[in-house]
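Examining the three-dimensional arrangement
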Amino acid sequence: MYATETLEEKRLCNIGSYEERLRGFDWAIAEKEMGWGRGDPLNIGWNLTDRICRLGLAKKPALLWEGSDGRERTYTFGDLRLLSNAVAAVLSRLGLEPSERVCLFLDRVPELYIAFIGILKMGAIVQPLFSAFGEESLSTRLLDAGTAAVVTQKKHLPKVRRIRAQLPALRTVVVVDAEGLALKDGEVALDLDSEPRLERFPIFPATAETPSVLHYTSGTTGQPKGAQHVHGSLVSQYLTARWVLDLKSDDVYWCNADPGWVTGTSYGIIGPWSNGITQAVLDSGFGADRWYGFIERRGISVWYSAPTAIRLLMRDGPQAAKRHDLSSLRHLASVGEPLNPEAVHWSREAFGLPFHDTYWQTETGCIVISNYPGMPVKPGSMGKPFPGIAAAVLDPATFEPHREPGRVGVIGLRPGWPSMLRGYWNNPDGYAKKFTNGWYLTGDRATVDADGYFWFVGRDDDVINTGGHLVGPFEVESALLEHPAVAESAAVAKPDPVNMEVVKAFVALKPGFTPGPDLELEIMNFVRKRLSPIAMPQEIAFVASLPRNRSGKILRRVLRAPEWGEPIGDISTLMED
Ligand code: PRX
C-alpha cells in the first residue's frame, strides 16, 4: 500500500498536479518567471544576488551559517550581492580573466558561497573541490583543468603549497583567513570582513552557453572527468528547486551536501538562491543530536539529505528525533544513492514525513527523476521524470526503450535540457561515448513500472558509490601502486550497512613484503592522505596475484561478485574480455 500525502498538501505544493505540469511543459516557464529572454545575457552570479535584491529582498537573510566551533554568521541577499562584487573585483585585479578556472578549496565557510558567486560574476569558471581531498586528488584535478587560481584557507594551504611546483598554470593562491600568516610569492590575502563592499561591478555578460561550473566526477577508467556546465543551467536548477524541493518564500532550507559535489552547488547554492530562499549551512560533520538541534534552532522547513545520512540517523532510533521539536519540517528529499524503503518508513515515524527520493548525476546538473510533493510515494522507487526531461529504460542491446514495464535496462535521457553538461574538460572522446542512438546514457540500470515509476537497479560500471560519493577504482588503484610494497592492485565495491558501498582493495605485494594488519593500516592511511577519507579502502585483501583477461586487464568483476554473494560467472568467457 502506498501512503499518499494529504489533499491539502497536494493543493499547496508548488508543482501542483504532476500530470498537468507534464502537459505542454516548456522550460520557458522558468525563463518567464526569472524574467529572462532567450538571447539576453544570463549570469548565474547576478541572478542569485542582484536580481533577488531588485525584487525587494535585499534585507532578507540568504545564508544562516554555523561553524563547527559554534560561531554563527548571517548574510542577507544584499550582503551576498556586495561581497560577491568585491570578490569579483579582487579576482579581476589579480589578473584573472573570464573563462579561466578558479578553484574553491574551502570548508563550508561563508567565503566559499560568496566566492562562488563572485567568480561567476567576473566570468571565470568555478571549480569546486572537496576540502578533504589529499594532494593527489587535488593536483590531478587542478592539472587537468589548467586552473589559474585557488581560493583556500589557512588550514588547507600546506596541501596547495606542496603541489604548487607541479602546476604551471596556477598563478595565484587566495587565502581567505591569512591573518598572521607569512604569505609566499603568488599568494594573496582576501579578508571579506575588511574588504570594502562594492556597490557596482561590471557583471560579465555571459550567455546561456557560457561555461560556469566545472565539477569533477569519477568514472571506471582513467582519472576523474571534469563535467562542464554553463550559465543556462540556471533555468533547470531554478525550476527543479521550486517544483521538486517545493521551495517557497518563507522556507528555511537545508542542503547537507558539500559544494565540492554537484548537489552542494546545484541545490546548495544556485537552486535555493535563484528562488530567493533563505538557506542554513552547518559547517560540521555528522551527529544526530547536532543535526536535530540545528533543524530545531534554525526552524528548517525543507531538508535535502542523502540515504547514508538517513541510515546514520536511523541507528540512533526515532526517539533521538523525538527529543527535539522538529515540527518546522515540511518537506524532505534525498539524493545520491538508492533510498531504501525502510528509510522512507522510518522517516514517517521519526518526522511524520516521508523522504522523497530524487535521482540525477553530476552530468545532468539538475534532478531528472524524482518523487514530487503531492505525488504518491512508492517507497524504494526514484519516482518519475521531471516535466521537460524525456527518460526511458533502454534495451542494452539495441538502445531502444523497452516496450514492456519491469525489464531492466540502462536509463537514457534525451539530450537538450538546460543543465546538461556540455562536455568533459579535455576529453571529447569520453563525452562522445555518453551518447548512443540519440540518448544520453546515464550508466545506471533501472526498471520502469506500469505507472511510469523508475526503480534503480545498479550502476553499469565499476564505480564505487560510497555514502553517495563516487569513487573511481582507477584513482584508488593508482594511489595504491605508489606505495612501495604494492605490486598490483584492484579496487572494488563491498557492501556496507551505512554507506551502501565502501572501497575494498585487493593487493599483491612486491617480494620482501609480508602481509599483516600493520601493513594493511599503513596502506589504508597512505591512500587516505593522498586521495581522501572517502576513497580510503576499508579493507585490504592480500592476494598472490590478480585475475586478468588475456590483454592484461584486471577483472574487477571476479573480485567484486563474491563480496555481494553473486556468482562470478563463466570465468573462461570473462578471460576473453
Ligand atoms: O549511480 C547513480 C547514483 O549516483 C550517481 C551520480 O553520482 P554523482 O554524479 O556524484 O551525483 C550525485 C548527486 C546528484 C548516479 O549515476 N545516484 C544518484 N541518485 C540516486 C542514485 N542511485 C540511486 N538512487 C538515487 N536517487
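Residues numbered from 1 in each chain as written. Predicted model: local features only at pLDDT ≥ 70, side-chain atom pairs only at ≥ 80, totals over all residues. Heavy atoms only, no water.

**Observations regarding unusual backbone geometry**
Positive phi is not limited to glycine here, since Ser 99 has a value of about 75 degrees. Tracing the sequence through the fold places Ser 99 in the loop between helix H6 (77-93) and strand E3 (101-105). The backbone of Asn 426 sits at a positive phi, close to 60 degrees, despite the residue not being glycine. Relative to the elements of secondary structure, Asn 426 occurs in the loop between strand E18 (409-413) and helix H16 (428-432). Given a relative accessible area of 59%, Asn 426 falls into the exposed group. (Helix = DSSP H or I, 4+ residues; strand = E, 2+ residues; numbered from the N terminus. Buried < 20%, exposed > 50% of the residue type's maximum accessible area, 1.4 Å probe, protein only.)

**Comments concerning the domain arrangement of the protein chain**
Assigned domains within the protein chain: domain 1 (7-388) and domain 2 (461-564). Placing the centre of domain 1 and that of domain 2 at their C-alpha centroids yields a distance of 31 Å. Each partner contributes residues to the interface: domain 1 has 24 residues there, and domain 2 has 27 residues. Across the interface of domain 1 and domain 2, roughly 1800 Å² is buried in total on both sides, 53% from carbon and sulfur atoms. Counting the surface domain 1 buries against domain 2, the share from its top three residues, Glu 136, Ser 218 and Thr 220, is 31%. For the pair domain 1 and domain 2, the interface holds two salt bridges. A salt bridge links Arg 141 to Glu 475; the nearest nitrogen and oxygen atoms lie 2.8 Å apart. (Domains from an automatic or database assignment. Contact = heavy atoms within 4.5 Å. Buried area = accessible area lost by both parts, 1.4 Å probe. Salt bridge = Lys/Arg side-chain N within 4 Å of Asp/Glu carboxyl O.)

**A look at the site of the ligand**
The environment of the ligand is made up of 19 residues, and the closest members are Asp 357, Thr 358, Gln 361, Thr 362 and Asp 444. Residue Pro 338 places a main-chain N or O atom 3.4 Å away from a nitrogen atom belonging to the ligand. Contacts to the ligand include Asp 444, whose side-chain N or O atom sits 2.5 Å from an oxygen atom. Expressed as a share of its isolated accessible area of 550 Å², the protein-covered part of the ligand is 97%. (Near = heavy atom within 4 Å. Polar contact = N/O pair within 3.5 Å; in protein donor to acceptor, adjacent residues only side chain to side chain. Areas by Shrake-Rupley, 256 points an atom, 1.4 Å probe, with all protein chains shown as cover.)

**What to know about the side chain of Asp 50**
Summarising the element assignment, Asp 50 is placed in helix H5 (residues 50-57). In this structure the side chain of Asp 50 is engaged in a polar contact, spanning 2.9 Å, whose partner is the side chain of Thr 49. In this structure, Asp 50 is in contact with Arg 81 and Lys 121, ignoring residues within four places of it in sequence.

**Quick word on the environment of Tyr 238**
Note that Tyr 238 resides in helix H10 (residues 233-243). For the pair formed by Tyr 238 and Ala 189, sequence separation is 49 residues and the distance between their alpha carbons is 33 Å.

**Looking at the packing of aromatic side chains**
Applying the stated rule across the entire model yields 26 aromatic pairs. The rings of Trp 254, Phe 286, Trp 291, Tyr 292, Phe 294, Trp 303, Trp 346, Phe 351 and Phe 355 are connected pair by pair, giving a single aromatic cluster. The aromatic ring of Phe 133 is capped on one face by Arg 141, whose charged end is 4.4 Å from the ring centroid. The residue whose ring lies beneath Arg 414 is Trp 439, and the NZ or CZ to ring-centre distance is 3.9 Å. (Phe/Tyr/Trp six-rings, centres within 6.5 Å; stacked < 30°, edge-to-face > 60°. Lys NZ or Arg CZ within 6 Å of the ring centre and 35° of its normal.)

**Side note on the sheet that holds strand E2 (residues 72-76)**
Spatial ordering of the open sheet is given by E2-E1-E11-E10-E12-E13-E14-E15-E16, a layout of nine strands whose pairing is mixed. Edge strands, defined here as strands with exactly one partner in the open sheet, are E2 and strand E16 (384-385). For strand E10 (residues 252-255) and strand E11 (residues 278-283), the ladder comprises three bridges, and the chain directions are parallel. By the bridge assignment, Tyr 253 is partnered in E11 with Gln 279. In the packing of helix H13 (residues 307-315) onto the sheet, contacts are made with strand E12 (302-305), strand E13 (331-335) and strand E14 (355-359), and the angle to E13 comes to roughly 115 degrees. Here helix H15 (residues 341-351) sits on the sheet in contact with E12, E13 and E14, set at roughly 140 degrees to E14. (Pairing = 2+ DSSP bridges. Axes fitted to C-alpha atoms, helices over the stretch in contact; angles between N-to-C directions.)

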